[in-house]
Amino acid sequence: MNQTLWSLQAGDCCEIVGYDDALAEKYRIRLMEFGFHVGERVTCLHSLAFGAPKVYRVSNTVYSLDDEVATHVLVRKEPAGE
């Protein structure tokens, strides 16, 4: 079952499977420039309370994304321990 990047909690890993149609093309392009490509592995490093941006690692780089963007990135969560 696919989830969104925003649904991850700290320590969760996933694979990006796509973007939903509601995400503007300019944001999709920018995310891909940052390394958020389909098939890329992403780890959620920090998931703070009260809707604060979450912190994700893609390759060897760390990014902070808020819910307005991260809810449009579709992911497949990896089982724990992989």
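The notes below deal with the structure included here. It should be emphasised that the depicted structure is a prediction, and the values quoted were computed from it without experimental measurement. Per chain, residue numbering runs from 1 following the sequence as it is written. Only residues with pLDDT of at least 70 get local features here, since the model is predicted, and only at 80 or more are side-chain atom pairs given and counted; chain-wide, interface and lining totals rely on the full set of residues. Hydrogens and water are ignored here; the side-chain numbers use all heavy atoms of the structure.

1. What about the packing of aromatic side chains?
Under the pairing criterion, centres of Phe, Tyr and Trp rings, with the six-membered ring standing for Trp, must be within 6.5 Å; the plane angle then separates stacked pairs below 30 degrees from edge-to-face pairs above 60, leaving the rest tilted. Summed over the entire model, instances satisfying the criterion amount to two aromatic pairs. Judged by centre distance (5.7 Å) and plane angle (55°), the rings of Phe36 and Tyr63 are tilted. With a gap of 27 residues between them, Phe36 in the loop between α1 (25-34) and β3 (41-46) and Tyr63 in strand β5 (residues 61-65) connect regions that are remote in the sequence. In this structure, Phe36 and Tyr63 share a single accessibility class: buried. Grouping aromatic residues by their ring pairs yields a cluster made of Phe34, Phe36 and Tyr63. The residue whose ring lies beneath Lys54 is Trp6, and the NZ or CZ to ring-centre distance is 4.7 Å. Per the convention used, a helix needs a DSSP run of H or I reaching at least four residues, while a strand needs a run of E reaching at least two, with both numbered from the N terminus. We call a residue buried when its accessible area falls under 20% of the maximum for its residue type, exposed when it is over 50%, and partly exposed in between, using a 1.4 Å probe and counting protein chains only. We call a charge positioned over a ring when the NZ of a Lys or the CZ of an Arg lies within 6 Å of the ring centre and within 35 degrees of the ring normal.

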